[in-house]
Amino acid sequence: MTLASDHTAWPVARSGAHGVHEDRCAADPTAPMKDWIYETPALGFVVSGWFDYISEGRAAFAAPGAIVLGNAGEHFNVRHHDGNGNKRLVVLMQQTILDEVANDVGLDAPRFRTIALAPGPEATRMFSWMRVIADGGDTAEEYEYMLASAALAAPAWRPRRMRVSAQDHKRALDAARYIETHFPERCALATLAGLTQSSRYQLIRAFSAIMGQSPNQYLINTRIRAAAELLRTSPAPITQVALDVGFNDISHFYTCFKAAFGATPRKWRLAHA
């Protein structure tokens, strides 16, 4: 998807088994925003990029590790914070599955109530299911239902309670960008505070308001996602993978990984290698 395109319907073309594909969005932050319309319900896990996601009069900040959601027929816009665009793993949901799940659990309508999930355990868990669906196989359909259930159950979107200044927004974004590129390192709170020219309390407050979690929680989730990709693509021993992404305590790594993905690193690797 390119914002300079004349298309308004999204996705422009369906591709990938089970309705899964990687979507890249190139953008010029100074250009007018393009108005897009979802042709089908979709979830997009943000692999890279920093942008404001605006849908049906609601806005959310999307960062790596977040999930953006859209119902068929909804309008949306994307406003990037730099010229690098974004990359997302997208699952195009089957409306029949959403209808079935909504009916079984007694929902009023088979529609997503939120426009985005912040980076965190729930988004990471859903990302793991999206990976299973992308891989195909006998269990893909089962995970489509699990993904549909979690997405429909996500609580309704609520605007940010705390007013965030432009300076605090920049502090949070600078800290998150640093974590994304330095996550194998310690990334101590004092380091992040110095980088953003703020006190540790100011940074925690700003970061939590923008990202929906503390800097340490964001660091752990970033490391866990990186570990999952290494386990999927590299033959390195699990202990080495843990060390490579920044975990010095192997027991803590196992605990965090299983909490995020619902499986031990070994089982994840066997299922996705």
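Residues numbered from 1 in each chain as written. Predicted model: local features only at pLDDT ≥ 70, side-chain atom pairs only at ≥ 80, totals over all residues. Heavy atoms only, no water.

Draft legend 1. Examining the pairing of strand E8 (residues 75-80) more closely. In terms of strand pairing, strand E3 (residues 36-38) meets E8 through two bridges, oriented antiparallel. Bridge pairing in E8 links Ile 37 to His 75. Looking at chain direction, strand E5 (residues 51-55) and E8 are connected through five bridges and run antiparallel. Bridge pairing in E8 places Ile 54 opposite Asn 77. (Pairing = 2+ DSSP bridges. Helix = DSSP H or I, 4+ residues; strand = E, 2+ residues; numbered from the N terminus.)

Draft legend 2. Highlighting helix H5 (residues 189-196). When we look at burial in H5, the residues that qualify are Leu 192, Ala 193 and Thr 196. All buried residues of H5 lie within an arc of 100 degrees about the axis, which places them on one face of the element. Next to the buried residues of H5 lie helix H4 (166-182), helix H6 (200-211) and helix H7 (215-233). Remark: Gln 197 follows H5 within two positions and exhibits a positive phi of approximately 55 degrees. (Buried < 20%, exposed > 50% of the residue type's maximum accessible area, 1.4 Å probe, protein only. Arc of directions from axis to C-beta. Contact = heavy atoms within 4.5 Å.)

Draft legend 3. Up close: helix H2 (residues 121-135). Taking 1.5 Å of rise per residue, the 15 residues of H2 would be expected to cover 21 Å, and the 21 Å separating its terminal C-alpha atoms lies within 8% of that figure. Phi for Gly 136, located one or two positions after H2, is positive at around 75 degrees. (Expected span 1.5 Å × (residues − 1).)

Draft legend 4. Structural context of unusual backbone geometry. For Glu 56, which is not glycine, the phi dihedral falls at a positive 50 degrees. Positive phi, normally seen in glycine, also occurs at Gln 197, with a value near 55 degrees. By the secondary structure assignment, Gln 197 is in the loop between H5 and H6.

Draft legend 5. Expanded view of the confidence of the model for the chain. Here the chain averages 89 in pLDDT, and 92% of its residues register 70 or above. This model gives residues 1-7 a pLDDT under 50, and the stretch forms 23 contacts once residues within four places in sequence are excluded. (pLDDT = per-residue confidence, 0-100.)

Draft legend 6. Layout of the packing of H5 against H6. Where H5 meets H6, the closest approach of the two axes is 9 Å, and the angle between their N-to-C directions is 85 degrees. In this view, H5 runs roughly perpendicular relative to H6, as classed from their interaxial angle. Contacts between H5 and H6 involve Leu 189, Ala 190, Leu 192, Ala 193 and Thr 196 on the former and, on the latter, Arg 200, Leu 203 and Ile 204. Looking at the contact of H5 with H6 residue by residue, the class counts come to six nonpolar, one polar and one charged. (Axes fitted to C-alpha atoms, helices over the stretch in contact; angles between N-to-C directions. Parallel < 35°, antiparallel > 145°, perpendicular 65-115°, else oblique. Nonpolar A, V, L, I, M, F, W, Y, C, P; charged D, E, K, R; others polar.)

Draft legend 7. Geometry of the sheet that holds strand E9 (residues 86-92). Spatially, five strands are ordered E2-E9-E4-E7-E10 in an open sheet, and the strand pairing comes out antiparallel. Pairing within the sheet leaves two strands with one partner each, and these edge strands are strand E2 (20-25) and strand E10 (116-117). Inspection of the sheet shows strand E7 (residues 67-70) paired to E10 by two bridges, in the antiparallel sense. Across the sheet, Val 68 pairs through a bridge with Ala 116, a residue of E10. With respect to the sheet, H2 is in contact with E2, strand E4 (42-48), E7, E9 and E10, its orientation differing from that of E4 by roughly 105 degrees.

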